[in-house]
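Here is how the chains run, residue by residue.
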Protein chains: 2
Amino acid sequence: MAMFASAGTIERLVNALAKLPGVGRKTAARLAFHILKMPQQEAVELAEVILEVKEKVGFCAVCNNISETDPCAVCTDPRRRRDVICVVEQAMDVAALEKAEGFVGLFHVLGGRLSPLDGIGPDDLKIKELLDRLRGEVSEIILATNPNVEGEATATYLARLLRPMGVKVTRIARGLPVGSDLEYADSVTLTRALEGRQEY
Amino acid sequence: MAMFASAGTIERLVNALAKLPGVGRKTAARLAFHILKMPQQEAVELAEVILEVKEKVGFCAVCNNISETDPCAVCTDPRRRRDVICVVEQAMDVAALEKAEGFVGLFHVLGGRLSPLDGIGPDDLKIKELLDRLRGEVSEIILATNPNVEGEATATYLARLLRPMGVKVTRIARGLPVGSDLEYADSVTLTRALEGRQEY
């Protein structure tokens, strides 16, 4: 049954919004009503930028990060170190690491993580493309996949693959988040924090 | 600082999405990445329907409900009772009541509720328009504003205004939700459920 008997267009907008991740029908309806009341200019900007993103933004053929140019601005930046590659699961992780600062090397976006349950194997990730990049002057690969079960499995898989090729392979540190309380840390994180201790 | 150094369009999409209610910058970024990966056709449909809603959907001059026609399909439906008007806060409430069935009268959408803290007074709601409709053959006004503090205050205000005009004013029942447990009901709801008890 249609949610709004007399408003087919609103119903179609609700359907389109409900396809977004984490947006159920109730949230979609709330968003649709908001768009209805929004200033015309804002709604036009939203619609136009959706189309523009689809038209302009693609993927860098080198590192697989999202980009409006190919290769992307990071890969072509002459100020960055070309011998260190940080491997991440997705483009949002690049954005997070760039905000953190302190890293001036290049990136490689896998496009996901190994997940047998979801049927995602090595061939579904940009692993071959990573190996191709080793032919250059790469001295270190930093594995920055997520510190959860699937991210760790992906890192382990990559480490086994990369180490025999003579490249230094490192993993980002797992430990207590800055500003957190030891008291509330889970035991796995505490174990990792102890294992990863460094001399003062 | 830009979230994505090399992707101005994505950044603009994130900004546009972050203006939606309940969507922070992290959610906006997630939605933007989803749109980026979406099939072209779905993204085009989303953008087009946003524009179409702004172009086609307006408000019914009689009941203030959202509608693609004026007056709306409910107000012009000859099968509906014209002597009972159900007063609600917003268009989404009409949709909810229409799904519930059992009501065959007309609606009146106030466009909000009285909220002194937000600076929303009687003049900001479609109350004058409601009074104008009383000149017709109206025998009952059902106050279906939300059963919370502001909704109750709005209902009380309207009841005081309408009763002297010789029209029957009723309020939707407050009580235990169907399918709920008495054990877990809050005391205010229980009080209302007792007060509103009906003979078996």
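Rules behind the numbers
Residues numbered from 1 in each chain as written. Chains lettered and ligands numbered in written order. Predicted model: local features only at pLDDT ≥ 70, side-chain atom pairs only at ≥ 80, totals over all residues. Heavy atoms only, no water. Pairing = 2+ DSSP bridges. Helix = DSSP H or I, 4+ residues; strand = E, 2+ residues; numbered from the N terminus. Axes fitted to C-alpha atoms, helices over the stretch in contact; angles between N-to-C directions. Contact = heavy atoms within 4.5 Å. Buried area = accessible area lost by both parts, 1.4 Å probe. Salt bridge = Lys/Arg side-chain N within 4 Å of Asp/Glu carboxyl O. Polar contact = N/O pair within 3.5 Å; in protein donor to acceptor, adjacent residues only side chain to side chain. Parallel < 35°, antiparallel > 145°, perpendicular 65-115°, else oblique. Left-handed = near helix turned anticlockwise from the far one by under 90°. Nonpolar A, V, L, I, M, F, W, Y, C, P; charged D, E, K, R; others polar. Disulfide = S-S within 2.5 Å. Buried < 20%, exposed > 50% of the residue type's maximum accessible area, 1.4 Å probe, protein only.

Asker: Which residues make up the sheet that holds strand 4 (residues 106-109) of chain A, and what values do they have?
Answerer: Residue and element names in this part refer to chain A. Taken in spatial order, the four strands line up as 4-3-5-6 in an open sheet, and their pairing is parallel. Either end of the sheet is taken by a strand with one partner, and the two such strands are strand 4 and strand 6 (168-171). On average, adjacent strands in this sheet sit at an angle of 25 degrees to one another, irrespective of strand direction. Relative to strand 6, strand 5 (residues 140-143) runs parallel, the two being bridged by four bridges. Its bridge partner lying in strand 6, Ile-141 is registered against Val-169. Together, strand 3 (84-88) and strand 4 form the strand contacts of helix 5 (residues 91-100), whose direction differs from that of strand 4 by roughly 155 degrees.

Asker: Residue-level account of the sheet that holds strand 3 (residues 84-88) of chain B, with values.
Answerer: Residue and element names in this part refer to chain B. The parallel open sheet is built from four strands, whose spatial order is 4-3-5-6. Unpaired on one side and paired on the other, strand 4 (106-109) and strand 6 (168-171) mark the two borders of the sheet. Between one strand and the next, the sheet's axes are offset by a mean angle of 25 degrees, whatever the strand orientation. Its contacts with the sheet place helix 5 (residues 91-100) against strand 3 and strand 4, and it is angled at close to 155 degrees to strand 4.

Asker: Describe the interface of chain B and chain A, with residues and values.
Answerer: The partner chain A presents 51 residues to the 51 residues of chain B that form the contact. Here chain B meets chain A over a buried area of about 5,100 Å², counting both sides, of which 73% is carbon and sulfur. Across the chain B-chain A interface, the total number found is four salt bridges. Between Arg-12 of chain A and Glu-45 of chain B there is a salt bridge; the shortest N-O distance is 3.7 Å. Joining chain B to chain A, the criterion identifies twelve residue pairs in polar contact (both at pLDDT 80 or more). Elements with a contribution of two residues or more to the side of chain B that touches chain A: helix 1 (8-17), helix 2 (25-37), helix 3 (40-56), strand 2 (66-67) and helix 5 of chain B. Among the elements that make up the side of chain B that touches chain A, the one with the highest residue count is helix 3 of chain B (14 residues).

Asker: Talk me through the packing of helix 1 of chain B against helix 2 of chain B; I want residue IDs and the actual numbers.
Answerer: Residues and elements named next belong to chain B. It is the contact of helix 1 with helix 2, at a shortest axis distance of 8 Å, that shows an interaxial angle of 125 degrees. On the basis of their axis angle, the class for helix 1 and helix 2 is oblique. Remark: the crossing between helix 1 and helix 2 carries right-handed chirality. Along its contact with helix 1, which presents Ile-10, Glu-11, Leu-13, Val-14, Asn-15 and Leu-17, the element helix 2 presents Arg-25, Ala-28, Ala-29, Leu-31, Ala-32, Ile-35 and Leu-36. In terms of residue class, the contact of helix 1 with helix 2 is made up of ten nonpolar, one polar and two charged.

Asker: So what's going on with the state of the cysteines? Residues and values would help.
Answerer: All chains considered together, the criterion is met by zero disulfides over all chains. Lacking any disulfide linkage, Cys-86 of chain A is separated from the closest cysteine sulfur, that of Cys-63 of chain A, by 11 Å. No disulfide involves Cys-75 of chain B; its sulfur sits 3.7 Å from that of Cys-63 of chain B, the nearest cysteine. Judged by relative accessible area, which is 7%, Cys-75 of chain B ranks as buried.

Asker: Describe in detail the pattern of salt bridges, supporting the description with residues and values.
Answerer: Counting across every chain of the model gives 28 salt bridges over all chains. Notably, a salt bridge pairs Arg-113 of chain A with Asp-118 of chain A, separated by 3.4 Å at the nearest N-O pair. The class of Asp-118 of chain A is exposed, set by a relative accessible area of 52%. Among the charged side chains, a salt-bridge network with shared partners connects Arg-12 of chain A together with Glu-45, Glu-52 and Lys-56 of chain B.

Keep in mind that these numbers describe shape and distance, not what the molecule does.
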